[in-house]
Structure formats: structure tokens, C-alpha cells
Amino acid sequence: MDNSFNIVGKAVIRQDALEKVTGRAKFADDINEPGQLYGVMVRVPTVHATIDEIDYSELLRVKPDSIIVDSTDIKGSKKIGAIRQDQPIFSFDKIVTPGDVIAMLVGESEDELKSLSKKVKIKFTELPALTDPTRSLEPNAPKIHPQYESNLIVHYPLRKGDVEKGFKESDFIHEETYTTQLVEHAYIEPETVLAIPLEGNKGIKIIGSIQNPFTARKVVASVLNWPLTKVRIVQAELGGSFGGKDDTMNILSARAAVAALKIGKPIKIHYSREESILESYKRHPYILKYKVGCMKNGKIIAMKIDILADGGAYSSMSPFVTWRSVVQATGPYDIENVWTDVRAVYTNNPYTGAMRGFGSPQPIFAQESIMDEIAIKLNLTPDEFRRINGFKAGSFTASGQKLENHDVNLLDVLDTAIKETNFTSKWKEYKSKTSFNGYQLDKISDTNAEQLILKKKDYINPNKLLWKGIGLSISYRGCSLGAEGIDAAEAYLSVQNDGSAYLLSGLAENGQGMRTTHSIIAAEVLGISPDKIYYLETDTGLIPDSGPTVASRSTLMGGGAVKAASDILRNRFEDFLRLEWKLKSQSEFIFKDGFVSVNGNPQQKISFSDLCSLAYKNGICLAAIGWYKSPEVNWDEHTGQGSAYFTYVYGCQVAEVTVNIGTGQVYIDKITAVHNPGKVINLLGAEGQVYGGVTQGAGYGLWEQVTTDGGKIRELNFDQYLIPTAKDLKEIKPVFVEGKDVYGAWGGKSLGEPTLELTSAAIANAIRNATGKRFYNLPINLEELLLRRKLFPKDLKRGSS
Amino acid sequence: MIINFKINGKETLINLTKNKRLIDLLRDDLKLTGTKEGCSIGECGACTVIVNGKAVNSCLVLAQQVDECDVITVEGLAEGNKLSELQQNFLKYGAIQCGFCTPGMLMSAYALFLENPTPSREEIETAIEGNLCRCTGYKPIIQAITSTVSGE
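Residues numbered from 1 in each chain as written. Chains lettered and ligands numbered in written order. Predicted model: local features only at pLDDT ≥ 70, side-chain atom pairs only at ≥ 80, totals over all residues. Heavy atoms only, no water.

1. Quick notes on the confidence of the model for chain B
Definition in use: Summary of the metric used: pLDDT quantifies the predictor's per-residue confidence within the range 0 to 100.
Residues with a pLDDT of 70 or more make up 99% of chain B, whose mean pLDDT is 97. The complex prediction reports pTM at 0.96, with the ipTM value standing at 0.98.

Now the structure itself:
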């Protein structure tokens, strides 16, 4: 541990733990307003159709005083979206995916409204459904949004060097195709929002399970056609998000706001799990084609990548998600010649957007699987091959960015993981055992029923069915938003004259522990206990727009802002003390354990609370605003070249698994997660990120999948959509290799997403090590492992028909 | 119908409709919003409460079923202002992130202790297997419960 810190790097208990452990924490659905009414959605059971007529006559006959809210009530933007405004608050011209909402019924009883919603008759003309993204760009494909020329949402090319020349000069070429699946965030708290019309000209207050209050405000203001100031978004305690409570919550906020203003009463919308999974966006399924040119000595000299992302029915965050993919698609390898194309396209599938990892778990699964295949071809161990090609200080990324000004410690991270797990000897041992006679996984197929019947020769001693494997994956990740957009954050710190302090940053607490992390930073600078810091409620009226709480940027950007505010105050205190104690201008101070003393003269000291009181009496301003803006980054859209992110973090995960080759079951024995998050601020929070991210990553690798049948989701609740339970991962070991950096607070950078992005690839490589077989399609569930394909209920034909 | 039951040690008489779920009785009528609703089909365990010493999903229990029963919710875990050892360990070991699953998780662990004061790690994992958590990866939760057993 770094002894120069008093609190930073230690395990600090969350500030909000007390209310959460006693049931007192107020999540959005725990908040009610007198006289509130409920909003219930009206949907059409179709995938793709034009809306011909919305007929409320039967509804009004049954209940003449029905309150209906639909697109005709919207005075401002009827459609919204970060880049393309293609998503309606209420659908009025087309249905493009089953989650679409036509109208909202408002009343006192949700049960009554649900039955009344069936009385709304919508006449629509069905259109051919487009559910296969590989067909989206065909000339005769149905157009999802006719206002755009084609179903292409975005195309990012990246061109570096001469890839064809690189292939020609290569000793061998390795080509493979991988696919990843649609997955759900599965935050345990479903979406809830409460919109409260305020008195007079004060506008509207919205309280909800909102990940990005400033984005929600922007959307609501644009839908209402109001100034931003009249829309106040207050974040309730958020029951998990993982990137998932953005677009959906902005739209729900807008629906609630429109209804609340229409009838002048508070409106609450709270979703059931089924509605949540039906309407909310998911992670992009990718199809990834890689072609790698390699020399006999293990040096990769050319890589060509073609990625197709299914954006689903709306563009949402696709332009940002796929941009991260194009930047990072080669993985952390220095390659002279790179040619990458990443495209996102529309389909009628559930729309896809931000989810923890954000365009990185997909390419990492593909690229790290391929790295192992090439290593095996070259008769190298996975780590040897990665050492040849992995980034070192001064390496160039695929976008031509030189890695400098921070610890480029990828290979340290890799070595730590190798040593920690005794990787190499295990890998060699397990690999040598994989030639297994008499068991031919690949040859089992139900097209030849005869092969499904086991013969005597097929008998395998059950003890021989369990095979062990070990696999690793490595990554680099650009911190914060990069050249995606403006990147700055603010923090407000107001010390009181008794030495306690209010703190608020413009980023949001989404359960990750940001409030505690930020409080630690302020407490460290001022030499006080984090308990002295009172973190204020996130309210768009109280703090400037600091961008969304995404991209693992809350510690880096928010932390940078908190440190800036704290430094301003500390400098002010120091200046005051120099005058007060008549010290030389170069004299330095120690702020520690609630006291401030002169460096080199510990006798001259004052308690922090007395100092605050004294400064206050002398008219010193005890409040400060800190601003943290990212350094310049740049990107050329045509060539995919530029400095994409101002700094990076590095990680390596090692999976140790046992595969039952009889059942296809994969047991996770241990995941060792080695990460360089820059500087660890709260050890307890950092380890928590690792445990959680790895577990989500394992779910992505082995079990989770949202499937659709003709565009309609099959898994609408947790009985079918299976996320990991307490029994599914045996051991997770977090290891931190800190790296020095000048950015953020003492170089505290990013961790939340790196922890998830590596796991599925490490598991896939461990399965390869155990079974000798490569699996190309996530999730690697029982069917994938035994049959190399996925089975869905529709595949099973029963009965005589 | 009128039912009489004990909620967090307090005798309560309440008039309710026959089709009311226990979770709605707790959250809406008694304003005990610590109990959470995550899936409504008994899969996520966020609504777990203790009825006569057993952990149940309050979304699957009709309110009338707790007539004459002893019900404990997360609000009843602390003794006055003093947190129970289990709650303190949830804090200490970082068993909480977003906190939405926490009440249900605590109740499942508490019910386990009522039945078996010295559970093994496997018994602990089985006890909370029906409580989904998407943030913590369960390890800190298991650690907090294990440490409560050993009195660490």
C-alpha cells in the first residue's frame, strides 16, 4: 500500500450502506406523491407494421372518462435519439418492434387500466419483418425507418498501413468468424418514474430510476418544448443499471411528464419485469470476421476485421457503441497493417444500446479466441504469443495513437496473472490430455438419428467426463468517452464552519459506490474522515451538466472534478493560514486526521474544524466548484485514425474451468482478474466492481441469451432469462496492478467495464484448453458445447404434424 | 377479511381484500417499502420476508395466508438503532452495491440462521441461491454471512 495516502486505497464502507441495509433507502417505487395516478402502456402485438388508425371509441364507450395520452399530446419532439431522432415517445406512424408503445392510459388502478388497454383498437398493416441483420443491407430488405436511405445506422472504417501487402508478406493467414448474442442488463429493480407538476411557473420535477439525469432532462425538455431549467430530474436510489437505465428511462420520463402536465397530477409509471425486458434495450449481437496475417516468429503483421452489429429497431447508442469497437477491435496488439469495418444496422429486433462493456466484450471474445488459436498453431503458449505482440510503452494502436504518458503495463498485468495462477504449466498439462478417444462431440447430430443412439463402445467412465481447462484474455480500454463527445465534469464542495462538508458531483450514483469514492477523494485532500462528507442528492437543478455516468468515467472524470474542488479549498486554507500564522510563502502544510499542521513544525497545528470556523469568521469562502475537462482527443471518420482516448487501462483475466463433456456443463472453478485501474481509491468498491463484472461476464459467456421468435422476445422474466446465482462461480480473485497516470485524482481511472469485457473470452479459451475444441458462438451453453448450435423451443417438432 | 398477525414483533389487525398479495400488504398498506419487487414470479427473491421462521417470496404469498403468523421484514432486523451483526457484516465486507437485492438477501440469510446457526459455505450458498444480485457477484455477500457464523 502507498503510505503517502491516509484513506485512498483502503477499504472504506459505503456511505449509503446504512439505509440500504435497513430497508430505508428510497428507490423510485418507494416514493409516492399524494393524488398520484398510474400510467399503463398500450402496445400492439406485432413486429413491423404501419399504423392506419388508433380507435379509442370502444374504450370511451366502456369508460367515458378515460384519460388517454398519445403522440397528439406532444408539443415538442415526437421522436428522440442521441444522434438520430428515430425513436418515438408514442408511436404514431409505424410499429418497428414489439416493445413499441402507442398510447398510455392514466388512472388510479393499474389493474383496471391493464384490462382497459385491450379496448384500444389499433388498425395496422403488417409489413415483412426483418430479423436477420445480415439481410439488412440487401437492396430488397424492408426499410425500418423509411426516412433514411438504407438500414445502415453507421459505418466506421479504420485503415492503417497496407493490409493486402501485409497478408502477402505473412507466413500464414488465419481466418475465423465469431458471433455474440443479445443479452439483457437484468438490473434487479425494474424501471420506475414519478413526474410531479410543480406550482405556477416552476415546471416539472421527475424522480426516477434514472442513470443519466442530464440526458433525461434534455429529452423531457425537448418533448415538452420547454427550457431545460423547468425540468428538474432527481435521481432516486438506483437499483442497478449497467448502462441500461438511459434511453428507456428518458422515454418513460417524457411519457410521465406529458401525462402529468396534461391532467395536472403526479403520474407514476412502474414496469413489471416483463415490460422491462420487452421494451428496454439490450447488448448488441455482433457477427465478427477476423483475418490475421502472421509471421513464423509469432509477429502479427496484418489484421482485417469486418463487424456487423444488430442495432435493432432504433439507432440509440449504436453510433457510440460501435465506435468503441472500431477503436479497440484488434485488441491490445501492435499491428502494422489494419483494415477494419464496423457497421451497425437496423432490424425489427429489440433495439440495442449501452451496456457495461459498450462494444468491447464482443470483439474481445473474437480476438482473444483467435489469438489462442494462432498461438496453438505456432506451438506457443497463449502468454508467449501475447508477449510478442502486446502493447508496450510507445506502441501504436490500430488508430495510429502512440501509447505514452501513462503506465502501459499490459505485460506486467499479464505476467502477474500468469504467476498468480501458475498458468503455463496448467495450460500445457490440460492441453496434453485433450486427445480423447471414443468421444466425438462434433459428429453428434440429430440429422442422423442413428448417431444419437449410444452404443456400447460409446460408454465412458463418468470419472473421465470431467476435463479441466485454463484460459486467459487480455485487453486495453480507452477511458471515458474519448472522441465520442465533450468530456467534462463538475463537482461542488461546500465546507461548513464546523469542519463537515457537502459534496455533489454532476455524475450519478448508480450503485457502483461513486458517492463514497468521491467523498474519499475530498476527505484525503482535506485530511478529514470521509464520514465528515455529506453527499447531496443528485438533482439537475443543483449542479451543471457533467455528461452521462457511463464509460467507467465517474472515478476518472468526477473524481478529477472533486479533487479540483478540494484542491481549490485546500489552497485557500493554506493561503489563509500563512497570513494568520505569519509564515513564509513557501511553507507547506500537512492535512491529516482532522488536523492541519505546518510541515516540519508539527507543534504549529489547528484542528480542521477550528480552521473552518476561523476562516469563516474571517470571511473566507468555504465553497468551491471544481471542473475537470479531458485533454484533447481526435478522430478522422474516413480513415479511423487519431488519438481516440486520452488514456487507457489494461487487464488480464484467467479462467479455470471444469467441463463435463458428457453433459456440456461448464463449471467455473476460478476467475483471476488482474486489472490496472490506475490508482485504486476505495479497495472495497474496486473489489466489488471485479466480483460483479466477472460474474456478469461469466453469464455472458455461458448462459445468458435473449432470443427472439420472429422478432418477439421469448425470455421475458427470470424464469427463462438465467443470470448467474450465488452457486455458479466458485471463486473470483481480484488483483490490482496499479499504474501511474497524471489524469483524474492521483491517476484513479476506470475499472467497471474492464472487469466484464474479458471474462467470456477467458472462459472460451479455458474450454478450448479443456476440450481441444474451439467454440465460435456465445453463449457456450450445453447445446453449443455438445452440438455446436443453439436449440430453441421452435426447433423441437412434436407430434404427428 | 380481517387478519391478525405479528409484523416485526408488533401485533397488527388489518382489513384486506382476499386477493391481496403479501408484498402489497407490506409495501402499500403498512408502508414497509424495504421489501422490494423485482420479478413478481418468485424468481429474483428481492421480496423475501420471513413467515414463521421460513424465508418466503412475498410476491407469491397471499396476504390472508399470514393470518396468525409471525412476519419479519428487513425493517425488523436491527434492534432499535443497533444493526444486527449480519447487517454490520454486509457493510464491512461490501455486500451491498445498488442495494435493491439487499433486503431479500438479508432475510434469506437471517432465515438460514434461525434454522441453522452454524451453516457451512454450501448451505449459505443454497440459502441465497434464490436471491438474484446483479452487482456484487455474490462473493462479498457470502463472505458477510460466513463471517457472521464465525463471529469475525
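2. Description of the sheet that holds strand β18 (residues 466-478) of chain A
All names here are of chain A. Defined as follows: Strand pairing is assigned whenever DSSP detects at least two bridges linking the two strands. Helix and strand definitions follow DSSP, with helices as H or I runs of at least four residues and strands as E runs of at least two, each counted in order from the N terminus. Lines fitted to C-alpha atoms define the axes, with helix axes restricted to the stretch in contact, and inter-axis angles between N-to-C directions lie between 0 and 180 degrees. Note on contacts: a residue pair qualifies if any of its non-hydrogen atoms lie within 4.5 Å across the two residues.
Read across the open sheet, the 4 strands follow the order β18-β26-β27-β30; overall the sheet is mixed. Pairing within the sheet leaves two strands with one partner each, and these edge strands are β18 and β30 (732-736). Recorded for the sheet is a direction-independent mean angle of 15° between the axes of neighbouring strands. As defined by bridge partners, strand β26 (residues 648-660) adjoins strand β27 (residues 666-676) across 10 bridges and the pair is classed as antiparallel. By the bridge assignment for β27, Thr658 is matched with Tyr667. This element, helix α19 (residues 759-771), spans β18, β26 and β27 of the sheet and lies at about 150° to β18.

3. Concerning the environment of Thr131 of chain A
As for its position among the elements, Thr131 of chain A is in the loop between β8 (121-126) and β9 (152-160). Sequence-wise, Thr131 of chain A and Gly312 of chain A are 181 residues apart; in three dimensions their C-alpha atoms are separated by 8.3 Å.

4. Re the domain arrangement of chain A
All names here are of chain A. Using the following cut-off: Domain start and end points were adopted from an automatic or database domain assignment. When two parts are brought into contact, each loses some accessible area as probed by a 1.4 Å sphere; the total of that loss over both is the buried area. Put simply, a salt bridge is a Lys or Arg side-chain nitrogen that is within 4 Å of an Asp or Glu carboxyl oxygen. Polar contact is defined as a pair of N or O atoms within 3.5 Å, subject to the rule that within protein one atom must be able to donate a hydrogen and the other to accept it, and that residues adjacent in sequence are counted only when both atoms are side-chain atoms.
Considered domain by domain, chain A is made up of domain 1 (17-25 + 488-629), domain 2 (31-127 + 191-270) and domain 3 (286-481 + 638-787). Taking the mean C-alpha position of each, domain 1 and domain 2 sit 39 Å from one another. Across the contact, 21 residues belong to domain 1 and 16 residues belong to domain 2. Of the roughly 1,400 Å² buried at the junction of domain 1 and domain 2 (both faces included), carbon and sulfur atoms supply 49%. Contact with domain 2 buries area across many residues of domain 1, yet Asn510, Thr538 and Thr540 alone supply 41% of it, more than any other trio. Our enumeration of links across domain 1 and domain 2 arrives at 3 salt bridges. Of the charged contacts in the structure, one is a salt bridge between Glu237 and Arg515, with a shortest N-O distance of 2.4 Å. Linking domain 1 to domain 2 there are 8 residue pairs in polar contact (both at pLDDT 80 or more).

5. Here's the deal with the side chain of Arg134 of chain B
Applied cut-off: Relative accessible area decides the class of each residue, using a 1.4 Å probe on protein chains only: under 20% of the type maximum gives buried, over 50% gives exposed, and in between gives partly exposed.
Here Arg134 of chain B is to be found in the loop between α4 (121-127) and α5 (139-150). The exposure class of Arg134 of chain B is buried, given its relative accessible area of 3%. A polar side-chain atom of Arg134 of chain B sits 3.2 Å from the main-chain carbonyl oxygen of Glu184 of chain A. If we ignore the near neighbours within four places in the chain, the residues touching Arg134 of chain B are Glu184, His185, Ala186, Ile188, Phe242, Met355, Gln696, Glu704, Tyr721, Ile723 and Pro724 of chain A.

6. Focus: the pattern of salt bridges
In this structure the tally under the stated criterion is 56 salt bridges over all chains. Here Asp29 of chain B and Lys20 of chain B are joined by a salt bridge, their closest N and O atoms 2.9 Å apart. Using a relative accessible area of 35% as the deciding quantity, one classes Asp29 of chain B as partly exposed. For Lys20 of chain B, a relative accessible area of 19% puts it in the buried group. A salt bridge links Lys54 of chain B to Glu115 of chain B; the nearest nitrogen and oxygen atoms lie 2.9 Å apart. With Lys54 of chain B in strand β4 (residues 54-57) and Glu115 of chain B in helix α3 (residues 102-115), the pair connects residues that are 61 residues apart, well separated along the chain. Take Glu115 of chain B: its relative accessible area is 56%, and that puts it in the exposed class. Salt bridges sharing common partners tie together Arg14, Asp16, Lys20, Glu237, Glu509 and Arg515 of chain A.

7. With respect to the interface of chain B and chain A
A common measure of how large an interface is: the accessible area buried when the components associate. Threshold: Gly falls in the polar group here, along with every residue not listed as nonpolar (Ala, Val, Leu, Ile, Met, Phe, Trp, Tyr, Cys, Pro) or charged (Asp, Glu, Lys, Arg).
Contacts between chain B and chain A engage 44 residues on the former and 50 residues on the latter. Both faces combined, the contact of chain B with chain A buries some 3,600 Å², and carbon together with sulfur accounts for 61% of it. Where chain B meets chain A, there are 4 salt bridges. One salt bridge connects Asp29 of chain A with Arg27 of chain B, and the closest N-O pair in it is separated by 3.8 Å. Put simply, chain B and chain A have 18 residue pairs in polar contact (both at pLDDT 80 or more) between them. Mapped onto the side of chain B that touches chain A, the elements with two or more residues apiece are α2 (85-92), α3, α4 and α5 of chain B. Per-class residue counts for the side of chain B that touches chain A are 21 nonpolar, 11 polar and 12 charged.

8. Here's the deal with the sheet that holds strand β22 (residues 589-592) of chain A
All names here are of chain A. Pairing in this open sheet of 3 strands is antiparallel, and the strands run β22-β23-β24 from one edge to the other. A single partner strand is all that each edge strand has here, and the edge strands are β22 and β24 (601-607). Strand after strand, the sheet turns through a mean of 25° between neighbouring axes, direction not considered. Sheet topology note: the strand β23 (residues 595-598)/β24 ladder contains 4 bridges and is antiparallel. Each residue of the ladder has a partner; that of Ser597, found in β24, is Lys605.

9. Considering the domain arrangement of chain B
All names here are of chain B. The domains assigned to chain B are domain 1 (2-76) and domain 2 (85-150). The centre of domain 1, based on its C-alpha atoms, is set 20 Å off from the matching centre of domain 2. Here domain 1 and domain 2 share an interface that buries about 1,200 Å² over both sides, 67% of which is from carbon and sulfur atoms. By the criterion of area lost to domain 2, the three top residues of domain 1 are Thr48, Ile50 and Val74, representing 34% of everything that side buries. The interface formed by domain 1 and domain 2 holds 1 salt bridge in total. Inspection of the region where domain 1 meets domain 2 yields 4 residue pairs in polar contact (both at pLDDT 80 or more). Listing elements by their share of the side of domain 1 that touches domain 2, those giving two or more residues are β3 (48-51) and β4. At 3 residues, the largest contribution of residues to the side of domain 1 that touches domain 2 is made by β3. Across the side of domain 1 that touches domain 2, the residue classes break down as 7 nonpolar, 6 polar and 4 charged.

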